[in-house]
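Chain by chain, the residues run as shown.
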Amino acid sequence: MVTFKLPLSVLLLFLQLNIFLCSAEVLYIPVTKDTTTLQYITEVGQRTPLVPIKLLVHLGGRSLLVDCDKGYKSSTYKSAVCNSTQCSFAKSHACGDCIFKSQLQPGCNNNTCYIWGENPLINSFHDRAEIAEDVLTIGSTPGVHVTWSRFIFTCLLDQDMMRLLANGVTGIAGFGRKSPISLPNQLALDPRFTRKFGICLSSSTRSGGVIFIGSGPYNIYNPKKIDISKDLVYTKLIANKRGGFVASEEYYIQVSSIRVAGKDVPLNKTLLSINKKNGVGGTRISTATPFTILHTSIYDAFKTAFIKALPNNVTLVDPPIKQFGVCFSSKNIKSTNTGPDLPVIDVVLHKPSAFWRIYGTNSVVQVNKDVMCLAFVGQDQTWEPSIVIGGHQMEENLLVFDLPGKNIGFSSSLKLQQTSCSKYDNTTLG
């Protein structure tokens, strides 16, 4: 007989689960798009009694971070004790006592430990995000529904850190690469799931998309069932050992060039690689950025190439929204199953034959009845990634993040298959 001895920390975490051994499944996490802010929001149940909480989806987040300053009440809340298994597992950087409040409460306890909390919308960090445990329920049809009795998360008492979050949102759902307590890494402790997830964002504010947790299949309907994780273009995730007081949890990829209508855009290629000394440059993927951001020199060349590739009967107009640098009349632009009939954009990955193709539905945004704008933003990225791929470009595409394999897979527009990210639940489709 073979006996397996698990480390105490791993065993304790396994015992949090309702089921210890079961077959591989997929967890479906619904994601909606906020009308006003264009932020991508998910909802989970937490605490005892259960309370629904809305969270900003943040690919580079370290944990499930919750605002505990607005009446967090739960009979099952438990802060981690200094030097405990939970503190060690979460890679706490410090221990301490409550200094913010006159009385102890969730987020402010004695002899507890902390990790860094962050809000990507304001690019701000806080060093006293209290590590804690509480009940969590997550998942929806047609996948499984999971309840954890002791899910590790972080509890923060700082209203300033919640600035710019959409109305009703009280925390951040972190999907970071390496943090043991990010959602994909912690959920993968359940043997039904793996450290692999797929993001399928809906372009609609009326019908939501989904995040798949697990190895697949990732099924969408049209009305027939389609596994949209088939036939993806894969590229390696790039490590960015960016300096500073907080290690990066973000997802970087190698982009070698950009093509517009099949022609290479003349770019300063040095900007496309991560500077090994300071970690700037390269390409990051972000669900907290609504539109793809390009370094000004990349944007200028890209904008020129796109304008040159537009049909001759398309007229440029002054941008009605300052955010966008190129706008044009939509009167003479035909509609196709992948959106406006405009020059295709190829984000070329590690080799010329590996590229992510962006069609009109993801390359432009209709700002009013008669005007479209190129949905890319140029700004000074001197101390930031040269390219930050934003949510609009990801909508109605599947991106699969394979953490053990250290790679990411891209589909192209699901509109090519006459379906969308909102059609993941066949129990609600008419």
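Okay, so let's go over this structure.

Calculation rules
- Residues numbered from 1 in each chain as written.
- Predicted model: local features only at pLDDT ≥ 70, side-chain atom pairs only at ≥ 80, totals over all residues.
- Heavy atoms only, no water.
- Helix = DSSP H or I, 4+ residues; strand = E, 2+ residues; numbered from the N terminus.
- Rg over C-alpha atoms; globule rule 2.2 N^0.38 Å.
- Areas by Shrake-Rupley, 256 points an atom, 1.4 Å probe, with all protein chains shown as cover.
- Lys, Arg positive; Asp, Glu negative; His and termini not counted.
- Charge placed at Lys NZ, Arg CZ, Asp CG, Glu CD.
- Disulfide = S-S within 2.5 Å.
- Buried < 20%, exposed > 50% of the residue type's maximum accessible area, 1.4 Å probe, protein only.
- 1 Å grid on protein atoms, 1.4 Å probe; cavity = no way out; pocket = protein on both sides within 12 Å on 5 of 7 lines; lining within 4 Å.
- Points joined across faces, edges and corners; volume = space filled by probe spheres on them.
- Nonpolar A, V, L, I, M, F, W, Y, C, P; charged D, E, K, R; others polar.
- Core = buried A, V, L, I, M, F, W, Y, C linked by side-chain atoms within 4.5 Å.
- Contact = heavy atoms within 4.5 Å.
- Pairing = 2+ DSSP bridges.
- Axes fitted to C-alpha atoms, helices over the stretch in contact; angles between N-to-C directions.
- Phe/Tyr/Trp six-rings, centres within 6.5 Å; stacked < 30°, edge-to-face > 60°.

### Remarks on the overall build of the protein chain
Right, so step 1: Scanning the protein chain for helices and strands turns up six helices and 32 strands.
Right, so step 2: Rg of the C-alpha trace for the protein chain: 22 Å, near the compact-globule value of 22 Å for 430 residues, within the 12% margin.
Right, so step 3: Looking at the protein chain as shown, the accessible area adds up to about 19000 Å², and 52% of this sits on carbon and sulfur atoms.
Right, so step 4: On the protein chain, the mean spot of the 42 positive side-chain charges and the mean spot of the 30 negative ones are 6 Å from each other.

### Remarks on the state of the cysteines
Right, so step 1: This model, assessed by the stated rule, comprises six disulfides.
Right, so step 2: The disulfide partner of C98 is C108, and the S-S distance across this bridge is 1.8 Å. Judged by the sign of its S-S torsion, about 90 degrees, the bond between C98 and C108 is right-handed. In this pair, C98 is assigned in the loop between β6 (94-96) and β7 (112-119) and C108 in the loop between β6 and β7, connecting sequence segments ten residues apart.
Right, so step 3: Take C108: its relative accessible area is 2%, and that puts it in the buried class.
Right, so step 4: Numbered by position along the chain, the disulfide-linked cysteines of the protein chain connect as 1-8, 2-4, 3-7, 5-6, 9-12, 10-11.

### Regarding the layout of surface pockets
Right, so step 1: Of the volumes computed, that of the second largest pocket is approximately 430 Å³.
Right, so step 2: Every residue lining the second largest pocket is counted, 23 residues in all, and those nearest its centre are R62, K178, A247, S248 and E249.
Right, so step 3: In terms of residue class, the lining of the second largest pocket is built from ten nonpolar, five polar and eight charged.

### Digging into the nonpolar core
Right, so step 1: Core analysis: the biggest nonpolar cluster contains 78 residues, and F197 and F328 have the highest contact counts within it.
Right, so step 2: Setting aside residues up to four positions removed in sequence, F197 forms contacts with L59, F175, P184, I211, F212, I213, Y218, Y251, L399, V400, F401 and L403.
Right, so step 3: Grouped together as the second largest cluster of nonpolar side chains are 15 residues, C200, I228, L414 and Y424 included.

### Some details on the sheet that holds strand β25 (residues 345-348)
Sheet strands pair via backbone hydrogen bonds, and the direction of the pair is either parallel or antiparallel.
Right, so step 1: The strand order β18-β17-β25-β26 describes an open sheet built from four strands, whose pairing is antiparallel. At either end of the open sheet lies a strand with only one pairing partner, and these are β18 (263-264) and β26 (355-358).
Right, so step 2: One ladder, built from four bridges, connects strand β17 (residues 257-260) with β25; its direction is antiparallel. Considered in β25, the bridge of I258 is made with V347.
Right, so step 3: Set on the sheet, helix α4 (residues 296-309) makes contact with β17 and β25; between it and β17 the angle comes to about 20 degrees.

### Some thoughts on the pairing of strand β2 (residues 40-46)
Right, so step 1: When you tally the buried positions in β2, you get six out of seven residues, the bulk of the element.
Right, so step 2: Across two bridges, strand β1 (residues 27-33) lies against β2 in antiparallel orientation. Bridge pairing links K33 to Y40 in β2.
Right, so step 3: Between the end of β1 and the start of β2, which pair antiparallel, lie six residues, with L38 showing a positive phi angle near 65 degrees.
Right, so step 4: Counted between consecutive antiparallel strands, the loop separating β2 from strand β3 (residues 51-58) contains four residues, among which R47 sits at a positive phi close to 85 degrees.
Right, so step 5: Where β2 meets strand β8 (residues 124-138), two bridges bridge the pair, whose relative direction is antiparallel. Bridge pairing in β8 places G45 opposite T137.

### Focus: the packing of aromatic side chains
Right, so step 1: All told, the structure shown has 16 aromatic pairs when counted by the stated rule.
Right, so step 2: Note on Y251 and F401: the rings are 4.9 Å apart at their centroids and 70 degrees apart in plane angle, and the pair reads as edge-to-face. Here Y251, found in strand β16 (residues 251-253), pairs with F401, found in strand β31 (residues 398-402); they are 150 residues apart in sequence, far enough to count as distant.
Right, so step 3: In this structure Y251 comes out as buried when scored by relative accessible area, which is 0%.
Right, so step 4: Accessibility expressed as a relative area gives 0% for F401, which makes it buried.
Right, so step 5: In this structure an aromatic cluster arises from ring pairing among Y28, F212, Y218 and Y424.

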